[in-house]
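Summary of the model geometry
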Amino acid sequence: MNRRFLFSAIAACVIALPAFAQDLPVFYRTDGAAMAGYDAVSYFNGETPVRGQPEYAVMWKGAEWHFATAENRDAFEMNPRAYAPQFGGYCAFAMAQGELVSTDPTIWQVIDGRLYLTHSPEIERIWQRDTAAYIREAEAHWPSVLYE
């Protein structure tokens, strides 16, 4: 009887964990929108990111994404992974430490075609000292840090 109970309990956990994990926020949101409402595509189109507008919104991965134009919204919808920030939009430097920390969407870098956000100008300066190493460390923590 104990062995049967143990196997049933393990099976229930294995089945329940993926369902639970899907309810966790993958993308950091501020004021109800990913990237505090900034247009993810704009980071790749110009020198300064711009705020998106709710009328050009799309839902993706449980977050609402705002765009400045219909063209940017359409580009995102065609390939959201190309534009979405790495590590769910959480601070890339903090992710290298295995932590979930908010970001300032005006503090950013595009490295090898990928968008990285950080928490503050001070953290950005540390991040820039060795971005390649910090990216490797952050990748080792992502996305498991969401479930810890």
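Everything quoted here is computed from the prediction, not taken from an experiment.

**Considering the overall build of the chain**
Within the chain, the secondary structure is distributed over seven helices and six strands. Listing the helices and strands of the chain from first to last along the sequence gives α-β-β-α-β-β-α-α-α-β-β-α-α. A burial count over the chain gives 39% of its 148 residues as buried. Sequence separation of at least 24 residues holds for 55% of the intrachain contacts in the chain that already meet a minimum separation of 6. Split by element, the accessible area of the chain, about 8,700 Å² in all, is 54% carbon and sulfur.

**A closer look at the packing of aromatic side chains**
The tally for this structure, following the rule as stated, stands at 15 aromatic pairs. With a centroid separation of 5.8 Å and an interplanar angle of 55 degrees, the aromatic rings of Trp60 and Trp65 are classed as tilted. A relative accessible area of 16% means that Trp60 is categorised as buried. Linked through ring pairs, Tyr28, Phe87, Tyr90, Phe93, Tyr116, Trp127, Tyr134 and Trp142 together constitute an aromatic cluster.

**Observations concerning the pattern of salt bridges**
Scanning all chains against the criterion turns up two salt bridges. With its nearest N and O atoms 3.2 Å apart, the salt bridge here joins Arg73 to Asp74. Judged by its relative accessible area of 21%, Arg73 falls in the partly exposed class. For Asp74, a relative accessible area of 35% gives the class partly exposed. Between Glu139 and Arg114 there is a salt bridge; the shortest N-O distance is 3.7 Å. Of the two residues, Glu139 sits in helix 7 (residues 131-141) while Arg114 sits in strand 6 (residues 114-117), which places them 25 residues apart along the sequence. For Glu139, a relative accessible area of 39% puts it in the partly exposed group.

**Digging into the layout of surface pockets**
In this approach the atoms are scanned with a rolling probe the size of a water molecule, which exposes any empty space left behind. In this structure, the largest pocket occupies an estimated 250 Å³ of space. If you trace the largest pocket, you find 14 residues lining it, with Val26, Phe27, Trp60, Arg81 and Trp142 closest to the centre. Along the lines of polarity and charge, the residues of the lining of the largest pocket split into 10 nonpolar, two polar and two charged.

**Re the nonpolar core**
Met35, Trp65 and Phe76 are the most contacted members of the largest nonpolar core, which has 18 residues in total. When residues of this core are traced back to their parent elements, those giving at least two are strand 3 (53-60), strand 4 (63-67) and strand 6. With three residues, the single largest contributor to this core is strand 4. Other than its neighbours up to four places away in sequence, Phe76 contacts Ala40, Val41, Val58, Trp60, Trp65, Phe67, Tyr83 and Ala84. Membership of the second largest hydrophobic core comes to 17 residues, among which are Cys91, Ala94, Trp127 and Leu146.

Cut-offs used in this document
- Residues numbered from 1 in each chain as written.
- Predicted model: local features only at pLDDT ≥ 70, side-chain atom pairs only at ≥ 80, totals over all residues.
- Heavy atoms only, no water.
- Helix = DSSP H or I, 4+ residues; strand = E, 2+ residues; numbered from the N terminus.
- Buried < 20%, exposed > 50% of the residue type's maximum accessible area, 1.4 Å probe, protein only.
- Contact = heavy atoms within 4.5 Å.
- Areas by Shrake-Rupley, 256 points an atom, 1.4 Å probe, with all protein chains shown as cover.
- Phe/Tyr/Trp six-rings, centres within 6.5 Å; stacked < 30°, edge-to-face > 60°.
- Salt bridge = Lys/Arg side-chain N within 4 Å of Asp/Glu carboxyl O.
- 1 Å grid on protein atoms, 1.4 Å probe; cavity = no way out; pocket = protein on both sides within 12 Å on 5 of 7 lines; lining within 4 Å.
- Points joined across faces, edges and corners; volume = space filled by probe spheres on them.
- Nonpolar A, V, L, I, M, F, W, Y, C, P; charged D, E, K, R; others polar.
- Core = buried A, V, L, I, M, F, W, Y, C linked by side-chain atoms within 4.5 Å.

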